[in-house]
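Read off the chains here:
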Amino acid sequence: MLSIGEFSKICEVSTKTLRYYAEIGLILPDEINPENGYRYYSISQLKKMLFINRLKSYHFSLEEIKAILEREEDPSEELLCADLCRKRREMLEKLNAIEHTLKLMSLDISNLEKGVPLMSYLDSIEVELVETPSIRILSMRQMIRGDDYALGYGTYFGSLYEQIATEKLTLLGTPMTIYHSSEYKPDGNDTEFAIPIEETVEGTRDLSGGLCAKSVLKGSYSELTSVYAALMEWVEREGYELENSPYEVYITDPKRATGSEDFVTEVYFPVKRRRG
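Residues numbered from 1 in each chain as written. Predicted model: local features only at pLDDT ≥ 70, side-chain atom pairs only at ≥ 80, totals over all residues. Heavy atoms only, no water.

Per an unreviewed UniProt entry, the chain is named Probable transcriptional regulator, and its organism is Paenibacillus vortex V453.

See the structure below:
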């Protein structure tokens, strides 16, 4: 048996952390002295602790690690491999985002050294006034947290495409997202995922056409906030006001693009002339 201090030293995990792990049921002492409360771990628990450390180094959360450890009824290598593959995909997405941010930073540094203002890129965002036709959309509306949009896109668009395939419906356009919330809320935003189709079936509605301020983003979705700001400035400057919920149309399928710089997204602000 190893004292909590000895176990801590070998595994390079503080005794405070070990006590917390025991509190949440991640790894419990093999024995606790009832007289003095001293905690002891068995030699066999070293492997479990090192396994936990390994998963932590791969950025698994404690909740995820606990779920993996509790999967005693099916501790197959295949499931663990699937967990690792999923986490690797998540980390690659974060890595791509960081690389994109570094590219932007390098560009900003280069521009600043040339005397170009940091926010001057906003002036290059083009806005035009267009008339859009009414379209029929197959959609589902959900409350989505700000950090869950990427997952939501895959889940809800996937479900819509599955219904289209099952019912043999006719596609008339690319996926779109309509934002109905009047303000941004971290705990959830009213979001409608939609795909234009020809038929009228359960889950369809008509999206009315009309006058829209339109801009096109070529690049990462992280730049959409800049497009929204440019559109809002244009609407205000040109004497218009928002009439309906803004929406995005995804011209490029992210799965077929070689990188985020290849993404093409159209952003529409339904507008009307401001009174007075």
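**Q** How do you make sense of the UniProt feature "domain: HTH merR-type" (unreviewed entry) in the chain when you look at a structure like this?
**A** The positions UniProt marks with the feature "domain: HTH merR-type" (unreviewed entry) are residues 1-71. In the segment residues 1-71, helix accounts for 54% and strand for 10%; the C-alpha atoms at its two ends are 26 Å apart. (UniProt positions renumbered as here; feature names shortened; annotations may be inferred. Helix = DSSP H or I, 4+ residues; strand = E, 2+ residues; numbered from the N terminus.)

**Q** How do you make sense of the pattern of salt bridges when you look at a structure like this?
**A** If the charged atoms of two oppositely charged side chains come close together, the side chains can form a pair. If you walk through the whole model with that rule in mind, you get 13 salt bridges. E70 is the salt-bridge partner of K66, the closest N and O atoms lying 4.0 Å from each other. Between E241 and K272 there is a salt bridge whose closest N-O contact spans 3.9 Å. Here the residue E241 occupies a position in strand β10 (residues 240-242), and K272 occupies one in strand β12 (residues 264-273), the gap between them amounting to 31 residues. (Salt bridge = Lys/Arg side-chain N within 4 Å of Asp/Glu carboxyl O.)

**Q** Teacher, can you tell me more about the packing of aromatic side chains here?
**A** Any aromatic ring pair is given by two values, namely how distant the centres are and how the planes are angled relative to each other. Under the criterion given, the structure shown has 9 aromatic pairs. Taken together, a centroid distance of 5.4 Å and an interplanar angle of 90° make the contact between F157 and F193 edge-to-face. One end of the pair, F157, is in helix α6 (residues 149-166); the other, F193, is in strand β7 (residues 189-196), and 36 residues separate them in sequence. When sorted by exposure, F157 lands in the same class as F193, which is buried. Members of the aromatic cluster, joined through ring pairs, are Y156, F157, F193, Y221, Y250 and F263. One Lys or Arg, K87, reaches over the ring of F60 and ends 5.1 Å from the middle of that ring. (Phe/Tyr/Trp six-rings, centres within 6.5 Å; stacked < 30°, edge-to-face > 60°. Buried < 20%, exposed > 50% of the residue type's maximum accessible area, 1.4 Å probe, protein only. Lys NZ or Arg CZ within 6 Å of the ring centre and 35° of its normal.)

**Q** Which parts of the structure should I look at to understand the side chain of E266?
**A** Along the polypeptide, E266 turns up in strand β12. A residue is classified by how much of its surface remains accessible, and E266, at 17% relative accessible area, is buried. If near-sequence neighbours (up to four positions away) are discounted, E266 is found in contact with K214, S215, V216, Y247, E248, V249 and I251. (Contact = heavy atoms within 4.5 Å.)

**Q** Honestly, the domain arrangement of the chain in this entry has me stumped. Any pointers?
**A** Segmenting the chain into domains produces domain 1 (2-72), domain 2 (78-118) and domain 3 (127-273). At the interface, 8 residues of domain 1 touch 7 residues of domain 2. At the boundary of domain 1 with domain 2, total buried surface from both sides reaches about 690 Å², with 66% on carbon and sulfur atoms. In this assembly, domain 1 and domain 2 are joined by 3 salt bridges. In this structure, K87 engages E64 in a salt bridge whose closest nitrogen and oxygen atoms are separated by 3.0 Å. On inspection of domain 1 and its partner domain 2, the count reaches 4 residue pairs in polar contact (both at pLDDT 80 or more). (Domains from an automatic or database assignment. Buried area = accessible area lost by both parts, 1.4 Å probe. Polar contact = N/O pair within 3.5 Å; in protein donor to acceptor, adjacent residues only side chain to side chain.)

**Q** So what exactly am I meant to see when it comes to the nonpolar core here?
**A** One broad trend across soluble globular proteins is that nonpolar side chains are buried collectively. Core analysis: the largest hydrophobic core is formed by 19 residues, its most contacted members being F7, L18, Y21, M49, I52 and I65. Elements represented by at least two residues in this core include exactly α1 (4-11), α2 (15-23), α3 (45-57) and α4 (62-69). Per element, the largest residue contribution to this core is 4 residues, and it comes from α3. Sequence-distant contacts of Y21, that is, excluding residues within four places in its chain, are made with V13, L26, I27, M49, I52, K56 and L62. Ranked by size, the runner-up nonpolar core spans 12 residues in total, among them I144, Y156, L160 and I195. (Core = buried A, V, L, I, M, F, W, Y, C linked by side-chain atoms within 4.5 Å.)

**Q** Sorry if this is basic, but what is going on with unusual backbone geometry here?
**A** Glycine aside, a negative phi is what most residues show, and trans is what most peptide bonds show. Positive phi values are uncommon outside glycine, yet E12 reaches one of about 55°. Take E12: it is sitting in the loop between α1 and α2. Even without being glycine, K168 reaches a positive phi, approximately 55°. With respect to the helices and strands, K168 occurs in the loop between α6 and β6 (176-179).

**Q** Looking at this structure, how should I read α2?
**A** Among the residues of α2, those classed as buried are L18, Y21 and A22. Buried residues in α2, looked at end-on, bunch into an arc of 100°, giving them a common side. In α2, the exposed positions that point more than 90 degrees away from the buried face belong to K16 and E23. Buried residues in α2 make contact with α1, β3 (39-41), α3 and α4. Residue G25 follows α2 closely and has a positive phi angle near 80°. (Arc of directions from axis to C-beta.)

**Q** Got a minute to help me understand the confidence of the model for the chain in this structure?
**A** Low pLDDT means the predicted atomic positions in that stretch should not be read closely. In the predicted model, the chain carries a mean pLDDT of 90, and 93% of its residues have values of at least 70. Confidence, read as mean pLDDT per element, is least for α6 in the chain (86) and greatest for strand β4 (residues 128-132) (97). (pLDDT = per-residue confidence, 0-100.)

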